[in-house]
2 protein chains.
Amino acid sequence: MTNNKKYVYFFGYNNTDGEGWMRDLLGGKGAGLADMTKAGVPVPPGFTITTDVCRYYYENSKTLPCSLNTQMTAAILKLEDITTKKFGNPQNPLLLSVRSGARVSMPGMMDTILNLGLNDEVVEGLAKLMKNEWFAYDSYRRFIMMFSDVVLGISKDIFEKKFEEMKTNLNVKNDTDVDSANLKKLTNIFKNIVKDKQGQAFPQNTLTQLYMAKDAVLNSWNTTRAITYRKLNKIPEDIGTAVNVQAMVFGNMGNDCATGVGFTRNPSTGNKEFYGEYLINAQGEDVVAGVRTPYPIADLKTDMPEVFDKLKQITSSLENHYKDVQDFEFTVEKNNLYMLQTRSGKRTAKATIKIAVDMVNENLITKKEALLRVDAASLDQLLHPIIDPQEKISILANGLPASPGAVSGKVVFTSDDAVKARVNDEDSILVRLETCPDDIHGMDAAKGILTVRGGMTSHAAVVARGMGKCCVAGCDAISINSENETFTVGKVTIKKGEIITLDGATGNVIATAVKTVEPELSGEFATFMEWADEVRTLQVRANADIPKDAIVAKNFGAEGIGLCRTEHMFFEEDRIPIVQEMILANDLETRQACLDKLMPLQKKDFYGLFKEMNGYAVTIRLMDPPLHEFLPKREELMLEIAIGRTKNDDVTAKEIILKRVEELHEFNPMLGHRGCRLGITYPEITKMQAIALFSAACELIKEGKDIVPEVMIPLVGNVNELKNQKNIIDKVAHAVRKEYAVEMNYLVGTMIEVPRATITADKLAEVAEFFSFGTNDLTQMTYGFSRDDAAKFINHYIDKKIMNFDPFQTIDQDGVGQLIELATKKGKSIRSNIKLGICGEHGGDPESVKLCYRIGLDYVSCSPYRLPIARLAAAQAKLESK
Amino acid sequence: MTNNKKYVYFFGYNNTDGEGWMRDLLGGKGAGLADMTKAGVPVPPGFTITTDVCRYYYENSKTLPCSLNTQMTAAILKLEDITTKKFGNPQNPLLLSVRSGARVSMPGMMDTILNLGLNDEVVEGLAKLMKNEWFAYDSYRRFIMMFSDVVLGISKDIFEKKFEEMKTNLNVKNDTDVDSANLKKLTNIFKNIVKDKQGQAFPQNTLTQLYMAKDAVLNSWNTTRAITYRKLNKIPEDIGTAVNVQAMVFGNMGNDCATGVGFTRNPSTGNKEFYGEYLINAQGEDVVAGVRTPYPIADLKTDMPEVFDKLKQITSSLENHYKDVQDFEFTVEKNNLYMLQTRSGKRTAKATIKIAVDMVNENLITKKEALLRVDAASLDQLLHPIIDPQEKISILANGLPASPGAVSGKVVFTSDDAVKARVNDEDSILVRLETCPDDIHGMDAAKGILTVRGGMTSHAAVVARGMGKCCVAGCDAISINSENETFTVGKVTIKKGEIITLDGATGNVIATAVKTVEPELSGEFATFMEWADEVRTLQVRANADIPKDAIVAKNFGAEGIGLCRTEHMFFEEDRIPIVQEMILANDLETRQACLDKLMPLQKKDFYGLFKEMNGYAVTIRLMDPPLHEFLPKREELMLEIAIGRTKNDDVTAKEIILKRVEELHEFNPMLGHRGCRLGITYPEITKMQAIALFSAACELIKEGKDIVPEVMIPLVGNVNELKNQKNIIDKVAHAVRKEYAVEMNYLVGTMIEVPRATITADKLAEVAEFFSFGTNDLTQMTYGFSRDDAAKFINHYIDKKIMNFDPFQTIDQDGVGQLIELATKKGKSIRSNIKLGICGEHGGDPESVKLCYRIGLDYVSCSPYRLPIARLAAAQAKLESK
């Protein structure tokens, strides 16, 4: 850092250093103030301390660049010059506001200190100058309170309480009813509080006040709330905040004064209407503090017609200038309108879409701009029911927002009870320690799923997202008592059958029923998605296992099925006994007999799926999970047998199952006997699946349908695995084709989910006609993180800034991304037209979709409910690449 | 394959096409025959069908190149010309031998067919020509039997039985006592057997006989035994076998005839002595068949002095020519000596070393040649006791040869019983379903370990190898009944206290005590290892956790400790309760109190280790395993509580432990909360370990020792993990240095064992001063194979030729090797002097050691007992690279 670096940017009349585009350096607020000033908008003058200072501060153990004080002093002199007031001078005092302002608006940071520059002398001078002692002391008592709260860390409540006591003693109701003598007394009380709490008097030196306020802004960058906010919103840590110092204008000098906030369009609905609130004779914080009820902005037309027109004209032109909804603050000092801030208005996802589409129609922005303006991830809010924003809720516990949506239902603790509830037409919430594949039927039957354990990519989370079902996972505040069929959170106990509500968007669990609002996918939303589809070149497919899912997928815009997990067909209630019998079989003959029973069932599923997706690509993944997932749990069996024995029950049957479960037991099932390893050791399973899928395809081709199955072999790490399985598949295809006497084309490809597959992708491409990156497993193995276990430390890692994102949500570009890129290059080097896609959870994550586009994949596949996100992200990726 | 390719190479007098160096094409036997012929050694003429034919045969669905027949016919004509005999012509018949011969000698393949070319007519012609009907029919009955056995698949036993019956009926004892009339009868009986079994007469066309014999050789390449042998000996599948067709000479034409086999040096001890056996009036197979007892070759000096001298002279010159011990076959036909084969003699590991050292001393070979000639892996045989080769053993079961050595001891089923046995000075064998870290004290106390489950790199195998202790793992034929304290294999039950023997070299379990032989590491072995050390540049270190291991390591030539697993110190009996208390602690304070108790204990260990390794590098790995490994097993607790409850026992204490065990429970512990993830969530553990190790180092430095600790952070996948831990370590180092007021240098580095670490190695190298590749975990994650579970399918994979080696034994060059290379390049690009090593199990595997040399690592670290292997492999790598 050199001494001649510019750390302070002035704004005011003809002296504005900054520009509107300097958001990185000046923060959003600072850039806006500079921009407005340059555009001739009435803005009180001031200066911005750049974000460089904030970065310097944190990189240098909270010290500041040497030249900063000099530059600040110069800026104050200039400000005094322009305003013809003097900082700290009672004769004609300059008062200041101090505010934080990062590149993006960020709640949790220090907001505003007003009236800085007042002290015991200056307040008297101000009173004289303004001939208004009440105003001077009202300003001073506000300043002491704000400064103490924000800079000195003495809670505002202590001051408020004293003020309340005074009002009670005086028997008055409103702040404005307290006379100046009492306000003066109040400032003394306030100063005593400070002295008491601090051991030091309230700072009387106005420059000291300014320096302390500036430091407070810098420190507020690293409050827990600010850090959490950045983490949740993926805001980088190093953008830093600017500090804005601005000459005060006063909305509290009388009834020709006012202060207010507003939006150029309704931020909730997106409707084009002037929207906001104001108060007469008040300072900024009164509007938001809720002490006085502000008036709707329309009333300003009556109260101050000229000001109203000017405000409307200015804000409209600001909207035109920034081509976006403006969230503005203004103050009226003696009928003079001042704009204190303008920025892009935060809005709901719904409003975002509506406004973007409207602005395109108004020729304010292009379709491209509209597409780039919407945060793809935010679409998720529009695709599921949400809790009615009007509802007052009380949160029982908070878990991970594993799958969005909001549902109320009766608590059940077993999958069977969830099924019973559905039979009785009751909505249920399945509450489990964790879910396993045995619970699929229960998860399907329940309205929502709540688990105590597991992360964002635990079994419950992944399956729920796939089903588009609300899920709150890893809610470890809950403890389940399965014997009593209750769960407790602290002192609250919820019994089976009681109604709770899950909010999958926030992870909240609510102990009552709550009203929800359904999503609307037509209108502007549909128009917007059409625009996205016009732009994008990356295809989107859905992960769907059964015909029902395929219908949903098509509604959400799927251009094919990228992943059909065939084992999900095995978990259906009519099949699981056959599957279990197959697994328990001691010889090939018995096993084959079971497979023969499964074949027609699976064929029927494939028939339905292919038929539904006629003309689209459908990728069928051969059976993937380890066999023990289909059998009862080991510990449960052990316990049942042990307890059964003490009662002299006959436990022979269970012992037989346990024996097989023990044989199949694995220390690390994720790295165990699954995927193609099953198909290789039990070729008869691959064969059965191939017969089922090719027979279904041939039957449909005979019916005139256009079906080209893509057969996907999971967990390949070695080309010989692929050859082995392809050999079986090719033989079956040949035979089935002959049997049905039709022409059938098909592709055989592999999932790339084992790191070794990425490194040897050139060899795999000699055999595979397509690659589909299974980014869930690839992430697990590349990091050595079990997604079912990692939640325990990933959050800790994010807290400690060791990682700044969850790699199970967004593809890790530096690690996993490099492997995908490597595999893509190697694959294409051997087979230039190899089809490339991803089918992990990441297919519905905007950043990951963009990465896939940049790497050059052909498609992404994700849960049907995340397709709109993928479609928009794909369009944005294309636009950003230009 | 073109028609003009040469498939047949003739040898004989001045007509020899092949050369001694053509082993790949002609096989070892064929190249040897060509070479000997050219060198003027008396060899019956013949021709070799090349290995190309074998490869063609298997690549083209068992068809043969078109031109082969023509080339064979031409060769037979030439052979007829040279021998002045005619194939298939009774007047002066040419008889042939047919033998297989791959590049390397390979048991399990078809060995020899003698006397081919005999049929009902030719046998009569031969009898007339030789004026020896007995000889002719003795040859014919042998031929029918051999041909039927080898080519037609009719077991030799059936024929042998008939011959035995005849001899019984005739009341004679020796084959030679049966007269020619009866031999003639016998050939008819034999031919009837063939017709009976085959439905077809014994082939009378001699060309058909030859073609069938040739096909039989080709088919024998793929017998199960041959495949298994190649797999075990890592012989590539595609080298193929040659077929050698050679004019017969007869050792069975009378008492001036003989046949024998021999070695130029003793293949068992390596002593320089003429070694072998022979029979008078016999054909080759009689010597090995054991029907007649052959004479020691020394006796030939008396029986046939001239032949003996000539044989000695020829074989000596062959040894000089090939510069290696020769294993030869010869036949004496009417006092004429013919050499039928010469090849490098197979020998024991002990003999290999002795012969190599002797030959260097005899100036026959160079040290370099000596070093390259010894299979590094074979040294393992010399480093552990072996079963006395004289012992007759009966194998009860066979598991994986997880850790070499041979031990007998009393069966125990618990670690505590193993400890008790040691207290009573009894040798014990610990028999477990699988071992876990709880068993360390038992494994230490037992003489050998036998597990039912787990692969070559399971916990039992890894720990046993580290301890240099015999272990047979994954012996799934065994079923343990822990209640009765017995185990059974089939119908055999072994009770606690009964003595069994384990052979860790073969995986055999023997139900009795067996005599063993101790290894000898001085003499030629020591000389040989010195030569290896002179050559190699790659350093070797040992994996050692406690001072005792360090002593062993130094004896085996360690130049440092590459891996000290600090957690092994925690498993000591006096520490495990403190460790458990620490884990059960609910707050930092209690945890810290436990750590404070552990610190001095661990410091003492480090003190001992550093002191022992004074002047050498010692790499200390911070705690690695997940915490639940230190607590009782989950299922056991669950069962104990459930059963306790039925008895109304107080199970509160167990419930508390179970609660914590449940909290710590992981679905995939390998991918869970372990390695640096522990140190990050519990920084106090890292701090304690750093204090212990730096205090120990400083204390020793004060005592004048030369200690530079290398602190290794495990399981890093992200540079921020490394920064976090290095920060703690640096702070502690600073403080300890100050406290002891000494200069202490140290390095901080990381294990590279997560694939992401290899991809981001450039970033890691900004912080890490060394990398140590943890190839066990890196292999697990690169393949997605859990080493504890993969045994179930890896063997199947090797059987099905999907993999041709076990990646947990030898580094997978195409996958894991590429990642190591990538990480090495990336690491060096940032820090050119970064220290690089490996510390996985692979550090003691010759192929892997060579790969490490080629990639450019500085050292390998392995179990102390495998250091000689690593030292030799490192020397070989260097020599091979030149």
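Anyway, here's the lowdown on the structure attached to this text. (Residues numbered from 1 in each chain as written. Chains lettered and ligands numbered in written order. Predicted model: local features only at pLDDT ≥ 70, side-chain atom pairs only at ≥ 80, totals over all residues. Heavy atoms only, no water.)

**Regarding the sheet that holds strand S12 (residues 336–344) of chain A**
Residues and elements named next belong to chain A. What counts here: Two strands pair under a simple rule: DSSP has to find at least two bridges between them. Strands are runs of DSSP state E lasting at least 2 residues, helices are runs of H or I lasting at least 4, and numbering of each runs from the N terminus. Residue contacts follow a heavy-atom distance rule, with two residues in contact if any of their heavy atoms lie within 4.5 Å. Lines are fitted to the C-alpha atoms to define the axes, a helix being fitted only along its stretch in contact, and any angle between axes, read from their N-to-C directions, falls within 0 to 180 degrees.
Overall, antiparallel pairing links the five strands, which are arranged S10-S9-S8-S11-S12 in an open sheet. Of all the strands in the sheet, just strand S10 (295–296) and S12 have a single pairing partner and so form its edges. Strands in contact with helix H12 (residues 305–322) are strand S11 (326–333) and S12; relative to S12, the strand with the most contacts, it is inclined by about 30 degrees.

**As for helix H33 (residues 846–855) of chain B**
Residues and elements named next belong to chain B. As a reminder, the rule being used: Throughout, exposure labels follow a simple rule: accessible area from a 1.4 Å probe, protein chains only, divided by the maximum for the residue type, with under 20% read as buried, over 50% as exposed, and the rest as partly exposed.
The buried fraction of H33 is high, at eight of 10 residues. Three or more residues of H33 are buried, namely Pro846, Ser848, Val849, Lys850, Leu851, Cys852, Tyr853 and Ile855. Next to the buried residues of H33 lie helix H32 (813–830), strand S32 (835–838), strand S33 (859–862) and helix H34 (867–881). Backbone geometry just downstream of H33 places Gly856 in the positive-phi region, at approximately 105 degrees.

**A closer look at empty space enclosed by the protein**
All names here are of chain B. To keep things clear, this is the line we draw: Cavity: a set of points on a 1 Å grid over the protein atoms alone where a 1.4 Å probe fits but cannot get out. Pocket: an open set with protein on both sides within 12 Å along at least five of seven lines, its lining residues, like those of a cavity, having an atom within 4 Å of a point. Grid points are joined across faces, edges and corners, and a volume is the space filled by probe spheres set on the points. Three classes are used: nonpolar for Ala, Val, Leu, Ile, Met, Phe, Trp, Tyr, Cys and Pro, charged for Asp, Glu, Lys and Arg, and polar for all others, with Gly counted as polar.
Scanning the model with the defined rule gives seven cavities of 30 Å³ or more in all. Considering only enclosed or pocket space, the largest cavity measures out at about 80 Å³ in volume. In terms of residue count, helix H5 (residues 133–150) provides more of the lining of the largest cavity than any other element does, four residues in total. Of the residues contributing to the lining of the largest cavity, the split by class is two nonpolar, two polar and six charged.

**A closer look at the pairing of S33 of chain B**
Residue and element names in this part refer to chain B. Residues Tyr859 and Ser861 of S33 are buried on one face, and the alternating residues Val860 and Cys862, pointing to the opposite face, are buried as well. For strand S26 (residues 539–543) and S33, the ladder comprises four bridges, and the chain directions are parallel. Of the residues in S33, the one forming a bridge with Gln539 is Tyr859. Bridging between S32 and S33 involves two bridges; their strand directions are parallel. Of the residues in S33, the one forming a bridge with Ile838 is Val860.

**A few points about the interface of chain B and chain A**
Spelled out, the test is: Two parts placed together each lose some accessible area; with a 1.4 Å probe, that loss summed over both constitutes the buried area. For salt bridges, the criterion is a side-chain nitrogen of Lys or Arg within 4 Å of an Asp or Glu carboxyl oxygen. The term polar contact refers here to a pair of N or O atoms within 3.5 Å; inside protein, the definition further demands a hydrogen-donor-capable atom paired with an acceptor-capable atom, and it admits residues adjacent in sequence only when both atoms are side-chain atoms.
Contacts between the two partners involve 59 residues from chain B, matched on the other side by 59 residues from chain A. Counting the surface lost from both chain B and chain A, the interface buries some 5300 Å², and carbon and sulfur atoms represent 56% of this. Three residues stand out in chain B for area buried against chain A, namely Phe667, Leu671 and Arg756 of chain B, and they jointly supply 13% of the buried area on that side. The interface formed by chain B and chain A includes eight salt bridges. The residue Lys763 of chain A makes a salt bridge to Asp814 of chain B at a minimum N-O spacing of 3.2 Å. On inspection of chain B and its partner chain A, the count reaches 36 residue pairs in polar contact (both at pLDDT 80 or more). Listed by contribution, the elements that provide at least two residues to the side of chain B that touches chain A are helix H23 (634–646), helix H24 (652–664), helix H25 (676–681), helix H27 (719–740), helix H28 (755–759), helix H30 (775–783), helix H31 (791–799) and H32 of chain B. The element that contributes the greatest number of residues to the side of chain B that touches chain A is H23 of chain B, accounting for seven residues. Tallied by class, the residues present in the side of chain B that touches chain A amount to 23 nonpolar, 17 polar and 19 charged.

**A word on the relation of the copies chain B and chain A**
What counts is decided by this rule: The copies were overlaid with a least-squares fit restricted to C-alpha atoms from residues scoring a pLDDT of at least 70 in each copy.
Taken as rigid bodies, chain B and chain A are interconverted by a rotation of 180 degrees and an axial shift of 0.1 Å, the fit giving an RMSD of 0.1 Å. Both copies are brought into coincidence by an operation consistent with a two-fold rotation axis. Residue Asn668 of chain B, judged by its C-alpha, is the member of chain B lying nearest the rotation axis, at 2.1 Å. When you check the interface residues of chain B against chain A, 100% turn up at the interface there too, and the contact is symmetric in its surfaces.

**Some words on the packing of aromatic side chains**
Using the following cut-off: Side-chain rings of Phe, Tyr and Trp (the six-membered ring for Trp) are treated as a pair once their centres are within 6.5 Å; stacked means planes under 30 degrees apart, edge-to-face means over 60, and tilted covers the remaining angles. Remark: a charge is flagged as sitting over a ring if the NZ atom of Lys or the CZ atom of Arg is within 6 Å of the ring centre and within 35 degrees of the ring normal.
Evaluated as defined, the whole model comprises 46 aromatic pairs over all chains. Look at Phe274 of chain B and Phe308 of chain B: their rings are 5.8 Å apart centre to centre, the planes differ by 85 degrees, and that puts the pair in the edge-to-face class. A residue pair is termed long-range when its members are at least 10 positions apart, and Phe274 of chain B in the loop between strand S8 (258–263) and strand S9 (275–280) and Phe308 of chain B in helix H12 (residues 305–322) qualify at 34 residues. The burial state of Phe274 of chain B is the same as that of Phe308 of chain B; both residues are buried. In this structure, Arg541 of chain A packs its charged tip against the face of Tyr859 of chain A, placed 3.8 Å from the ring centre.

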